[in-house]
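# Coordinate inspection notes
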Amino acid sequence: MKTLCESLAVILMKEFIRLFGGYKIDWKKIFFAGAIMTASCVMLQMFILNDPLDIWFLSLPVAIPSDKPLNSSLSLNKTSTEARVKRLQIISGSPIVSPNPPIDLNLSVPIMPVAALVPLRGKSRRRRKDSKVDNMSKVVPPPPPPRRTVPSRMQKFIWSLTPKEALVYAKKEVEHAPAVMEDDPDLYAPLFRNVSVFKRSFELMELILKVYIYRDGARPIFHQPHLRGIYASEGWFMKLMEENRQFVTRDPEKAHLFYLPYSIRQLGMALYVPNSHNMKPLSIFLRDYTNMIAAKYPFWNRTHGSDHFLVACHDWGPYTLTAHEELTKNTIKALCNADTSEGIFVARKDVSLPETTIRTPRKPLRNVGGFRVSQRPLLAFFAGNMHGRVRPTLLKHWQDKHEDMKIYGPLPLRVSRKMSYIQHMKSSKFCICPMGYEVNSPRIIESIYYECVPVIIADNFPPPLSDVLDWSKFSVAVAEKDIPKLREILVAIPMRRYLTMQINVKMVQKHFLWNPRPIRYDLFHMILHSIWSSRLNQIQIPES
């Protein structure tokens, strides 16, 4: 190859001397001709060489031991050529990267084929640039690192179990959950009653749980989620549950739980007669629906409804169940109105459902976040309608009493023009969350959204998801009888403890967010886990 190029160069130089002898030399033309000659030699090498240039450049350097004679280079060249041919065959098939590459290459930059970067002739410069950009955009980015998967042997073992056997296995595993030795970046241990038990239970839920959703029932009461307002929790759970592919099964024989997909909010709008104060038509409707399910399918009668669950966020949720005894006593009820004093909500069996205010369904996370502590001049804030037994007492003792305690009824217009309701919450250290007609209040979760430490005033009320979360780490509970001591209680909290609680509010926020596409440990998963945990608590482990 070298001899060929040298011969061409000599012939061209002789021809130049013969043609241009005695003439004035045009150096520009000579340089141009030299450039053409150089490019021709390079292109000629690319077509004649056995291996592409990138294989030659990336091939391993061959070290010749000093104790070998130089005449062994012939066999060495043969071996290296065969190795290059093998590498060429591998590369021409499919790109395989050795797990221990001998050369430290930057593999994060994709290697583009030469043809993909050479524009076609006859196109404008803009077209050439566009084609180059288009080619670059077609490069498939490297896939994300694979999520930790369960060994196939474990999967086969789980699939071989009946639903009841799988639940017995899961309960044994949860009771003997290993201690979490390493910090999980997705879980903040101080927020949980027992982070090791929760983590193991959640992993088993992801591995085992299958939910069957009854397809019966017509809209708007069934299968039509209500996604706006203070009762949106039941709608968002319904929407995300029915869209889910991981937990939902179409085979009821494989199900561990059965979901009754009705909306108490939609039921009230469809059947309640305004100002009648009569919820009996709603109760009769649910009684007939449950009887229809029990008559049409064998699954209700098999457990008398103990493996069935419902999700209801309206204040009337518990009261609409009373016409059917098994529906009231046996089902797992996720209720916003989680009042333990009325005998319908049962602690440790039922789930305290968060009451979340969603103002914009297309952007459920809008306005989430708050100000830093130094930008929170107010000690406490409350504004709301004066219904129930607690709020009038709160207003009586604390309205217009201290400059740093903003306690209102409905937020006055003159005040809201200067600072909105949300801005008040973001500017306060503590947000007062008194019960209304019922024990729950949307302010509890709003406080978490706006990173304000919630102060819960509601007796007989287990806070949302309190089966796994330790609310004493990020909230303050004040008994109804202690409302006159409210300021004294808040001022007595040391600054160091308050700062810890405020940080914890930020950390727990992720567990109360509705994401358009569910994310691990978000509110959809947390509610489902509490229902799963309740089902495990029902399981009796055989002594054998």
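Heads up: the structure comes first, above all this text.
Being a predicted model, the structure only gives us computed values, none of them experimental.

With respect to the helices, strands and loops of the structure, Gln 375 is situated in the loop between strand 5 (351-352) and strand 6 (378-382). With relative accessibility at 44%, the residue Gln 375 sits in the partly exposed group. Sequence separation between Gln 375 and Ser 428 is 53 residues; the distance between their C-alpha atoms is 8.5 Å.

Reading across from one edge, 1-2-3-4-5 is the order of the 5 strands in this open sheet, with parallel pairing throughout. Unpaired on one side and paired on the other, strand 1 (211-213) and strand 5 mark the two borders of the sheet. For strand 2 (residues 257-259) and strand 3 (residues 308-312), the ladder comprises 2 bridges, and the chain directions are parallel. Paired with Phe 258 across the two strands is His 308, which belongs to strand 3. Sheet contacts for helix 21 (residues 523-538): strand 2, strand 3, strand 4 (332-335) and strand 5; angle to strand 4, the most-contacted strand, approximately 150°.

Before going further, it helps to spend a moment on the nonpolar core. If you look at the biggest cluster of nonpolar residues, it comprises 127 residues, and the most contacted ones within it are Phe 237, Met 241, Ile 432, Leu 469, Phe 512 and Trp 514. Top element by residues in this core is helix 21. It accounts for 8 residues. In this structure Phe 237 touches Tyr 259, Phe 309, Val 311, Trp 514, Phe 524, Ile 527, Leu 528 and Ile 531, once residues within four positions along its chain are discounted.

Bringing the side chain of Lys 426 into the picture now. Of note, Lys 426 is situated in helix 17 (residues 421-426). Buried within the structure, Lys 426 lacks any salt-bridge partner; Glu 451 is the closest side chain of opposite charge, at an N-O distance of 8.2 Å. There is a polar contact of 3.1 Å between the side chain of Lys 426 and the backbone oxygen of Asn 367. Within polar-contact distance, the side chain of Lys 426 engages the backbone oxygen of Gly 369 at 3.4 Å. Filtering out sequence-adjacent residues up to four positions away, Lys 426 remains in contact with Asn 367, Gly 369, Gly 370, Phe 371, Arg 376 and Tyr 450.

Another aspect to go through is the side chain of Gln 509. In this structure, Gln 509 sits in the loop between helix 20 (495-508) and helix 21. By relative accessible area, which is 11% here, Gln 509 ends up buried. Separated by 3.0 Å, the side chain of Gln 509 and the backbone oxygen of Ile 448 make a polar contact.

The strand order across the open sheet formed by 5 strands is 7-6-8-9-10, and the pairing between neighbours is parallel. Where the open sheet ends on each side, the last strands, each with one partner, are strand 7 (405-407) and strand 10 (476-477). With 3 bridges joining them, strand 6 and strand 8 (residues 428-434) adopt parallel strand pairing. Its bridge partner being in strand 8, Phe 381 is matched across the sheet by Cys 431. Packing of helix 20 onto the sheet brings it into contact with strand 8, strand 9 (453-457) and strand 10, and relative to strand 9 it is tilted by some 95°.

Conventions we followed
- Sequence order as written defines the numbering, with residues in each chain counted from 1.
- Per-residue local features are limited, in this predicted model, to residues with pLDDT of at least 70; the limit for side-chain atom pairs, both in listing and counting, is 80 or more; totals at the level of whole chains, interfaces and linings are taken over all residues.
- Heavy atoms throughout the structure, all of them, feed into the side-chain values; hydrogens and water do not.
- Only DSSP runs of H or I reaching four residues or more are called helices, and only runs of E reaching two or more are called strands; each is numbered from the N terminus.
- Throughout, exposure labels follow a simple rule: accessible area from a 1.4 Å probe, protein chains only, divided by the maximum for the residue type, with under 20% read as buried, over 50% as exposed, and the rest as partly exposed.
- Note on pairing: two strands pair once DSSP finds at least 2 bridges between them.
- Contacts: residue pairs with any heavy atoms within 4.5 Å of one another.
- Angles run from 0 to 180 degrees between N-to-C directions of axes, and those axes are lines fitted to C-alpha atoms, restricted for helices to the stretch in contact.
- For this analysis, a nonpolar core means a set of buried residues of the types Ala, Val, Leu, Ile, Met, Phe, Trp, Tyr and Cys, connected via side-chain atoms within 4.5 Å.
- A residue counts as positive if it is Lys or Arg and as negative if it is Asp or Glu; His and the chain ends are not included.
- Each salt bridge in this description consists of a side-chain nitrogen of Lys or Arg and a carboxyl oxygen of Asp or Glu lying within 4 Å of one another.
- Whenever a nitrogen or oxygen atom comes within 3.5 Å of another N or O atom, the pair is scored as a polar contact, on the condition that within protein one atom can donate a hydrogen and the other can accept it, and that pairs from neighbouring residues in sequence are kept only if both atoms are in side chains.

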